[in-house]
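So you can see what is in the structure, the chains are spelled out below.
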Amino acid sequence: MAGCHTIKYRIQSSSLPYNMWGFSQGALNKRLSSGINAEYGEYVRLRGQPDMGVLTGKSTDFGGSKLRPEATGYGLVYITLEALKKYNHYRYLPESRRAGISTNCFNGLKVLISGSGNVAQFAAEKVLELGGIVCSFSDSTGSLTSETGFTRAQLTEVCDLKNVKRGRLSELSGMAGARYYAGKSVWQLGLNCDIALPCATQNEITVEGARNLVQGGCWCVAEGANMPTTNEAVDILKSKVDIYIPAKAANAGGVATSALEMAQNSARLFWTAEEVDEKLKGIMNNIFATAYSTAQEFDRPWDLQFGANAAGFLKVYKAYKAMGYLKF
(Lines give C-alpha, C1' and ligand atoms only; values in the text may rest on other atoms or scores of the structure.)
Protein backbone atom coordinates (compact mmCIF):
# COMPACT_ATOMS: atom_id res chain seq x y z
CA MET A 1 0.00 0.00 0.00
CA ALA A 2 3.04 2.27 -0.10
CA GLY A 3 1.87 3.73 -3.40
CA CYS A 4 -1.54 4.66 -1.95
CA HIS A 5 0.06 6.32 1.05
CA THR A 6 2.35 8.32 -1.18
CA ILE A 7 -0.57 9.46 -3.30
CA LYS A 8 -2.36 10.62 -0.15
CA TYR A 9 0.73 12.46 1.05
CA ARG A 10 1.28 14.22 -2.25
CA ILE A 11 -2.32 15.34 -2.52
CA GLN A 12 -2.38 16.63 1.06
CA SER A 13 0.89 18.46 0.45
CA SER A 14 -0.76 20.49 -2.32
CA SER A 15 -2.86 22.32 0.29
CA LEU A 16 0.18 23.86 1.98
CA PRO A 17 0.61 27.67 1.91
CA TYR A 18 1.21 29.55 -1.33
CA ASN A 19 4.54 31.11 -0.38
CA MET A 20 6.19 27.95 0.94
CA TRP A 21 7.44 27.27 -2.60
CA GLY A 22 6.81 30.73 -4.04
CA PHE A 23 4.23 29.69 -6.62
CA SER A 24 0.46 29.34 -6.75
CA GLN A 25 -1.76 26.31 -6.18
CA GLY A 26 -2.28 25.83 -9.92
CA ALA A 27 1.46 25.86 -10.60
CA LEU A 28 2.05 23.47 -7.69
CA ASN A 29 -0.54 21.05 -9.01
CA LYS A 30 1.21 21.03 -12.40
CA ARG A 31 4.55 20.19 -10.80
CA LEU A 32 3.05 17.36 -8.81
CA SER A 33 0.97 15.89 -11.62
CA SER A 34 3.71 13.84 -13.23
CA GLY A 35 4.63 12.37 -9.86
CA ILE A 36 1.01 11.58 -9.04
CA ASN A 37 0.60 9.87 -12.41
CA ALA A 38 3.60 7.67 -11.62
CA GLU A 39 2.21 6.86 -8.16
CA TYR A 40 -1.13 5.98 -9.74
CA GLY A 41 0.72 3.55 -11.96
CA GLU A 42 2.20 1.98 -8.82
CA TYR A 43 -1.30 1.80 -7.31
CA VAL A 44 -2.56 -0.06 -10.40
CA ARG A 45 0.41 -2.47 -10.20
CA LEU A 46 -0.28 -3.22 -6.52
CA ARG A 47 -4.02 -3.60 -7.05
CA GLY A 48 -3.55 -5.76 -10.12
CA GLN A 49 -6.10 -3.90 -12.24
CA PRO A 50 -6.85 -0.30 -13.24
CA ASP A 51 -9.40 1.64 -11.22
CA MET A 52 -9.69 4.94 -13.07
CA GLY A 53 -12.20 6.49 -10.68
CA VAL A 54 -9.83 6.72 -7.70
CA LEU A 55 -7.88 9.65 -9.15
CA THR A 56 -8.93 12.59 -11.30
CA GLY A 57 -6.79 15.04 -13.16
CA LYS A 58 -5.08 12.09 -14.82
CA SER A 59 -3.21 12.34 -18.09
CA THR A 60 -5.50 11.94 -21.10
CA ASP A 61 -3.15 9.10 -22.09
CA PHE A 62 -4.84 6.86 -19.51
CA GLY A 63 -8.35 7.99 -18.70
CA GLY A 64 -8.05 11.70 -17.99
CA SER A 65 -10.64 14.17 -19.24
CA LYS A 66 -10.24 16.82 -21.87
CA LEU A 67 -10.32 20.38 -20.46
CA ARG A 68 -9.53 19.31 -16.89
CA PRO A 69 -6.63 21.81 -16.62
CA GLU A 70 -8.80 24.58 -18.10
CA ALA A 71 -11.94 23.78 -16.12
CA THR A 72 -11.58 26.00 -13.04
CA GLY A 73 -10.64 29.10 -15.03
CA TYR A 74 -13.24 28.52 -17.72
CA GLY A 75 -15.91 27.74 -15.14
CA LEU A 76 -15.10 30.93 -13.25
CA VAL A 77 -15.73 32.99 -16.36
CA TYR A 78 -18.87 31.03 -17.29
CA ILE A 79 -20.56 31.66 -13.95
CA THR A 80 -19.53 35.32 -14.05
CA LEU A 81 -20.96 35.59 -17.56
CA GLU A 82 -24.22 34.10 -16.35
CA ALA A 83 -24.39 36.67 -13.56
CA LEU A 84 -23.72 39.49 -16.04
CA LYS A 85 -26.53 38.26 -18.27
CA LYS A 86 -28.89 38.32 -15.30
CA TYR A 87 -27.79 41.69 -13.96
CA ASN A 88 -28.39 44.97 -15.80
CA HIS A 89 -24.86 46.35 -15.83
CA TYR A 90 -25.12 48.58 -18.88
CA ARG A 91 -25.31 51.74 -16.77
CA TYR A 92 -21.62 51.30 -15.94
CA LEU A 93 -20.51 51.51 -19.56
CA PRO A 94 -20.10 54.62 -21.72
CA GLU A 95 -21.74 54.45 -25.12
CA SER A 96 -18.38 53.94 -26.83
CA ARG A 97 -17.90 50.59 -25.06
CA ARG A 98 -21.34 49.07 -25.59
CA ALA A 99 -20.84 47.62 -29.08
CA GLY A 100 -22.03 44.02 -29.12
CA ILE A 101 -22.80 44.00 -25.39
CA SER A 102 -26.25 42.51 -25.96
CA THR A 103 -24.72 39.26 -27.18
CA ASN A 104 -21.46 39.30 -25.24
CA CYS A 105 -21.63 40.61 -21.69
CA PHE A 106 -17.84 40.71 -21.21
CA ASN A 107 -17.32 42.96 -24.20
CA GLY A 108 -15.31 46.05 -23.22
CA LEU A 109 -15.17 45.27 -19.52
CA LYS A 110 -11.87 45.77 -17.67
CA VAL A 111 -10.94 42.66 -15.68
CA LEU A 112 -8.30 42.36 -12.97
CA ILE A 113 -6.92 38.85 -12.49
CA SER A 114 -4.50 37.82 -9.76
CA GLY A 115 -2.25 34.81 -10.01
CA SER A 116 -0.56 33.39 -13.11
CA GLY A 117 -1.12 29.65 -12.73
CA ASN A 118 -3.73 27.37 -14.29
CA VAL A 119 -6.81 29.21 -13.06
CA ALA A 120 -5.53 32.69 -13.92
CA GLN A 121 -4.22 31.66 -17.34
CA PHE A 122 -7.38 29.95 -18.52
CA ALA A 123 -9.68 32.57 -16.99
CA ALA A 124 -7.72 35.22 -18.91
CA GLU A 125 -7.93 33.15 -22.11
CA LYS A 126 -11.71 32.90 -21.82
CA VAL A 127 -12.16 36.58 -20.89
CA LEU A 128 -10.18 37.60 -23.99
CA GLU A 129 -12.23 35.21 -26.11
CA LEU A 130 -15.40 36.90 -24.85
CA GLY A 131 -14.13 40.40 -25.60
CA GLY A 132 -13.04 41.45 -22.12
CA ILE A 133 -9.89 43.42 -21.28
CA VAL A 134 -7.43 41.55 -19.02
CA CYS A 135 -5.37 44.10 -17.10
CA SER A 136 -3.27 42.16 -14.58
CA PHE A 137 -1.46 39.01 -13.48
CA SER A 138 0.58 38.34 -10.36
CA ASP A 139 2.86 35.84 -8.66
CA SER A 140 4.53 35.63 -5.26
CA THR A 141 7.09 38.29 -6.18
CA GLY A 142 4.87 41.02 -7.66
CA SER A 143 2.24 42.07 -10.18
CA LEU A 144 2.27 42.74 -13.92
CA THR A 145 -0.34 45.18 -15.19
CA SER A 146 -1.47 46.70 -18.47
CA GLU A 147 -3.82 49.66 -18.49
CA THR A 148 -4.97 48.96 -22.04
CA GLY A 149 -5.10 45.19 -21.54
CA PHE A 150 -2.88 42.25 -22.45
CA THR A 151 -3.07 40.87 -25.97
CA ARG A 152 -3.44 37.17 -26.80
CA ALA A 153 0.23 37.13 -27.79
CA GLN A 154 1.21 38.60 -24.43
CA LEU A 155 -0.92 36.03 -22.61
CA THR A 156 0.99 33.36 -24.53
CA GLU A 157 4.23 34.91 -23.25
CA VAL A 158 2.96 34.74 -19.67
CA CYS A 159 1.94 31.09 -20.12
CA ASP A 160 5.28 30.20 -21.68
CA LEU A 161 7.15 31.92 -18.84
CA LYS A 162 5.18 30.06 -16.17
CA ASN A 163 4.61 26.67 -17.79
CA VAL A 164 7.85 26.15 -19.69
CA LYS A 165 10.54 28.43 -18.30
CA ARG A 166 9.22 28.33 -14.71
CA GLY A 167 10.10 32.00 -14.37
CA ARG A 168 8.84 35.03 -12.47
CA LEU A 169 6.69 37.83 -13.87
CA SER A 170 9.53 40.26 -13.15
CA GLU A 171 11.17 38.81 -16.26
CA LEU A 172 8.38 40.41 -18.32
CA SER A 173 8.82 43.90 -16.86
CA GLY A 174 9.87 45.15 -20.30
CA MET A 175 6.72 43.88 -22.03
CA ALA A 176 5.18 46.53 -24.29
CA GLY A 177 2.49 48.52 -22.51
CA ALA A 178 3.01 46.65 -19.23
CA ARG A 179 4.27 47.73 -15.83
CA TYR A 180 5.70 45.51 -13.12
CA TYR A 181 5.22 46.20 -9.39
CA ALA A 182 7.71 44.30 -7.23
CA GLY A 183 6.37 42.95 -3.95
CA LYS A 184 2.83 44.22 -4.58
CA SER A 185 -0.38 42.28 -5.03
CA VAL A 186 -2.88 43.34 -7.66
CA TRP A 187 -5.26 44.47 -4.94
CA GLN A 188 -2.76 46.90 -3.39
CA LEU A 189 -2.38 48.95 -6.55
CA GLY A 190 -5.72 50.80 -6.63
CA LEU A 191 -6.36 49.95 -10.29
CA ASN A 192 -9.61 50.75 -12.02
CA CYS A 193 -11.72 47.81 -13.20
CA ASP A 194 -15.22 46.51 -13.75
CA ILE A 195 -14.61 42.91 -12.65
CA ALA A 196 -12.12 41.32 -10.25
CA LEU A 197 -11.20 37.64 -10.48
CA PRO A 198 -8.87 36.69 -7.60
CA CYS A 199 -7.15 33.47 -8.73
CA ALA A 200 -3.98 33.31 -6.63
CA THR A 201 -4.31 32.23 -3.02
CA GLN A 202 -6.25 32.32 0.23
CA ASN A 203 -6.87 35.68 1.95
CA GLU A 204 -5.23 37.70 -0.82
CA ILE A 205 -7.94 40.39 -0.76
CA THR A 206 -7.75 42.16 2.58
CA VAL A 207 -9.79 45.09 3.85
CA GLU A 208 -7.32 47.40 2.08
CA GLY A 209 -7.72 45.48 -1.15
CA ALA A 210 -11.52 45.50 -0.94
CA ARG A 211 -11.53 49.26 -0.39
CA ASN A 212 -9.18 49.75 -3.34
CA LEU A 213 -11.51 47.74 -5.56
CA VAL A 214 -14.53 49.78 -4.53
CA GLN A 215 -12.68 53.05 -5.06
CA GLY A 216 -11.49 51.81 -8.45
CA GLY A 217 -15.06 51.31 -9.65
CA CYS A 218 -15.21 47.52 -9.38
CA TRP A 219 -18.79 46.27 -9.27
CA CYS A 220 -18.34 42.50 -9.72
CA VAL A 221 -16.07 40.08 -7.84
CA ALA A 222 -15.94 36.34 -8.56
CA GLU A 223 -13.52 34.16 -6.63
CA GLY A 224 -11.33 31.77 -8.60
CA ALA A 225 -9.01 30.81 -5.73
CA ASN A 226 -10.12 29.05 -2.55
CA MET A 227 -11.34 31.65 -0.04
CA PRO A 228 -9.22 34.48 -1.52
CA THR A 229 -11.04 37.17 0.47
CA THR A 230 -10.83 37.71 4.23
CA ASN A 231 -14.12 37.73 6.14
CA GLU A 232 -13.84 41.46 6.82
CA ALA A 233 -13.16 42.16 3.15
CA VAL A 234 -16.15 40.02 2.12
CA ASP A 235 -18.38 42.21 4.29
CA ILE A 236 -17.11 45.30 2.50
CA LEU A 237 -17.53 43.82 -0.97
CA LYS A 238 -21.04 42.54 -0.28
CA SER A 239 -22.12 45.98 0.88
CA LYS A 240 -20.41 47.96 -1.89
CA VAL A 241 -20.23 45.91 -5.10
CA ASP A 242 -23.27 44.71 -7.01
CA ILE A 243 -22.19 41.11 -7.69
CA TYR A 244 -20.11 38.96 -5.34
CA ILE A 245 -19.77 35.28 -6.28
CA PRO A 246 -18.07 33.21 -3.54
CA ALA A 247 -15.42 30.61 -4.27
CA LYS A 248 -17.65 27.68 -3.33
CA ALA A 249 -19.74 28.53 -6.39
CA ALA A 250 -17.35 30.37 -8.69
CA ASN A 251 -14.41 27.95 -8.71
CA ALA A 252 -16.44 24.74 -8.79
CA GLY A 253 -15.58 24.09 -12.43
CA GLY A 254 -12.49 22.07 -11.55
CA VAL A 255 -14.16 19.59 -9.22
CA ALA A 256 -17.18 19.48 -11.53
CA THR A 257 -14.96 18.37 -14.38
CA SER A 258 -13.31 15.83 -12.09
CA ALA A 259 -16.82 14.41 -11.61
CA LEU A 260 -17.23 14.41 -15.39
CA GLU A 261 -13.93 12.53 -15.65
CA MET A 262 -15.20 9.90 -13.20
CA ALA A 263 -18.43 9.61 -15.18
CA GLN A 264 -16.46 9.03 -18.37
CA ASN A 265 -14.32 6.40 -16.64
CA SER A 266 -17.37 4.58 -15.28
CA ALA A 267 -19.06 4.49 -18.66
CA ARG A 268 -15.81 3.72 -20.52
CA LEU A 269 -16.32 6.84 -22.63
CA PHE A 270 -13.99 9.62 -23.73
CA TRP A 271 -15.76 12.88 -24.51
CA THR A 272 -14.40 15.53 -26.85
CA ALA A 273 -13.29 18.92 -25.52
CA GLU A 274 -16.45 20.44 -26.98
CA GLU A 275 -18.66 17.94 -25.14
CA VAL A 276 -16.90 18.55 -21.83
CA ASP A 277 -17.04 22.32 -22.33
CA GLU A 278 -20.77 22.23 -23.00
CA LYS A 279 -21.39 20.16 -19.87
CA LEU A 280 -19.17 22.49 -17.82
CA LYS A 281 -21.17 25.51 -19.01
CA GLY A 282 -24.38 23.76 -17.99
CA ILE A 283 -23.02 22.95 -14.54
CA MET A 284 -21.82 26.51 -13.88
CA ASN A 285 -25.07 27.98 -15.16
CA ASN A 286 -27.01 25.66 -12.85
CA ILE A 287 -24.83 26.62 -9.87
CA PHE A 288 -25.56 30.28 -10.49
CA ALA A 289 -29.27 29.67 -11.01
CA THR A 290 -29.48 27.67 -7.77
CA ALA A 291 -27.62 30.24 -5.67
CA TYR A 292 -29.60 33.09 -7.25
CA SER A 293 -33.03 31.49 -6.85
CA THR A 294 -32.32 30.37 -3.27
CA ALA A 295 -31.28 33.89 -2.30
CA GLN A 296 -34.48 35.20 -3.90
CA GLU A 297 -36.56 32.61 -2.08
CA PHE A 298 -35.26 33.83 1.29
CA ASP A 299 -35.77 37.48 0.32
CA ARG A 300 -32.05 38.18 0.01
CA PRO A 301 -31.76 39.06 -3.70
CA TRP A 302 -28.24 38.90 -5.15
CA ASP A 303 -26.74 37.64 -1.90
CA LEU A 304 -25.10 34.78 -3.78
CA GLN A 305 -22.97 33.82 -0.79
CA PHE A 306 -26.09 33.22 1.29
CA GLY A 307 -27.79 31.54 -1.68
CA ALA A 308 -24.91 29.11 -2.18
CA ASN A 309 -24.69 28.31 1.54
CA ALA A 310 -28.44 27.85 1.96
CA ALA A 311 -28.77 25.76 -1.20
CA GLY A 312 -25.99 23.43 -0.01
CA PHE A 313 -27.54 23.08 3.43
CA LEU A 314 -30.99 22.38 2.00
CA LYS A 315 -29.62 19.72 -0.33
CA VAL A 316 -28.03 17.85 2.57
CA TYR A 317 -31.13 18.32 4.74
CA LYS A 318 -33.47 16.94 2.06
CA ALA A 319 -31.20 13.95 1.47
CA TYR A 320 -31.05 13.11 5.18
CA LYS A 321 -34.80 13.52 5.49
CA ALA A 322 -35.49 11.32 2.46
CA MET A 323 -33.33 8.57 3.97
CA GLY A 324 -35.27 8.70 7.23
CA TYR A 325 -32.54 10.16 9.44
CA LEU A 326 -34.59 13.28 10.20
CA LYS A 327 -38.22 13.49 11.30
CA PHE A 328 -38.75 17.22 10.78
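Residues numbered from 1 in each chain as written. Predicted model: local features only at pLDDT ≥ 70, side-chain atom pairs only at ≥ 80, totals over all residues. Heavy atoms only, no water.

S.K.: How should the overall build of the protein be read in this particular structure?
M.R.: Counting its regular elements, the protein contains 11 helices and 8 strands. Here the protein holds 328 residues, and the buried ones make up 49% of them. Residue pairs at least 24 apart in sequence account for 62% of intrachain contacts in the protein once pairs closer than 6 positions are excluded. Summed over all atoms, the accessible surface of the protein reaches about 15900 Å², with 52% contributed by carbon and sulfur. (Helix = DSSP H or I, 4+ residues; strand = E, 2+ residues; numbered from the N terminus. Buried < 20%, exposed > 50% of the residue type's maximum accessible area, 1.4 Å probe, protein only. Contact = heavy atoms within 4.5 Å. Areas by Shrake-Rupley, 256 points an atom, 1.4 Å probe, with all protein chains shown as cover.)

S.K.: So what exactly am I meant to see when it comes to the packing of aromatic side chains here?
M.R.: In this description, a pair of aromatic rings is defined by centroid distance and the angle of the planes. This model, assessed by the stated rule, comprises 10 aromatic pairs. Ring centres of tyrosine 317 and phenylalanine 328 lie 6.0 Å apart, and the angle between their planes is 35°; this geometry places the pair in the tilted category. Taken together, the residues tyrosine 317 in helix H11 (residues 304-322) and phenylalanine 328 in the segment after H11 connect sequence positions 11 residues apart. On the basis of relative accessibility, which here comes to 21%, the residue tyrosine 317 falls in the partly exposed class. A ring pair is formed by tyrosine 320 and tyrosine 325, whose centres lie 5.5 Å apart and whose planes are at 55°; its orientation type is tilted. A relative accessible area of 41% places tyrosine 320 in the partly exposed class. Counting every residue linked through ring pairs, the aromatic cluster contains Tyr87, Phe288, Tyr292 and Trp302. For the cation-ring pair, lysine 279 lies above tryptophan 271, with the distance from its terminal atom to the ring centre recorded as 4.6 Å. (Phe/Tyr/Trp six-rings, centres within 6.5 Å; stacked < 30°, edge-to-face > 60°. Lys NZ or Arg CZ within 6 Å of the ring centre and 35° of its normal.)

S.K.: Would you explain unusual backbone geometry in this entry?
M.R.: As a rule of thumb, non-glycine residues mostly have phi less than zero, and peptide bonds are mostly trans rather than cis. Residue leucine 67 is not a glycine yet carries a positive backbone phi of 65°. Considering the arrangement of structural elements, one finds leucine 67 in the loop between helix H2 (25-47) and helix H3 (71-86). For tryptophan 302, which is not a glycine, the phi torsion comes out positive at approximately 65°. Mapping tryptophan 302 onto the fold places it in the loop between helix H10 (273-297) and H11. The class for tryptophan 302 is buried, based on a relative accessible area of 18%.

S.K.: Would you mind going over the nonpolar core with me for this structure?
M.R.: Nonpolar side chains in soluble globular proteins generally cluster together in the buried interior. In this structure, Phe106, Ile113, Leu197, Ile243 and Ile245 are the most contacted members of the largest nonpolar core, which totals 58 residues. Considering each element in turn, this core owes the most residues, 9 residues, to H3. Residue contacts for phenylalanine 106: discarding those within four places in its chain leaves Val77, Thr80, Leu81, Leu84, Val111, Val127, Leu130, Gly131, Gly132 and Ile195. If you look at the next biggest cluster of nonpolar residues, it comprises 18 residues, including Val186, Cys193, Ala210 and Val234. (Core = buried A, V, L, I, M, F, W, Y, C linked by side-chain atoms within 4.5 Å.)

S.K.: How do you make sense of the sheet that holds strand S3 (residues 136-139) when you look at a structure like this?
M.R.: Picture the strands of a sheet paired through backbone hydrogen bonds; they go either parallel or antiparallel. The strand order across the open sheet built from 3 strands is S3-S4-S5, with neighbouring strands paired in antiparallel fashion. Each edge of the open sheet is held by one strand with a lone partner, namely S3 and strand S5 (178-182). Neighbour-to-neighbour, the strand axes of this sheet turn through a mean angle of 15°, independent of strand direction. Of the strand pairs in this sheet, S3 and strand S4 (residues 142-146) are connected by 4 bridges, and their pairing is antiparallel. Across the sheet, the residue bridging to phenylalanine 137 is leucine 144, located in S4. (Pairing = 2+ DSSP bridges. Axes fitted to C-alpha atoms, helices over the stretch in contact; angles between N-to-C directions.)

S.K.: What exactly am I supposed to notice about the pairing of strand S1 (residues 110-113) here?
M.R.: Here S1 shows no split at all, with Lys110 and Leu112 on one side and Val111 and Ile113 on the other all buried. Sheet analysis places S1 next to strand S2 (residues 133-134), joined by 2 bridges and oriented parallel. Each bridged residue has a counterpart across the sheet, and for valine 111 the counterpart in S2 is valine 134. Handedness of the crossover joining S1 and S2 through helix H4 (residues 118-129): right-handed. Direction of pairing for S1 relative to strand S6 (residues 195-197): parallel, over a ladder of 3 bridges. Opposite isoleucine 113, over in S6, you have leucine 197 as the bridge partner. (Right-handed = clockwise from strand over helix to strand, strands pointing away.)

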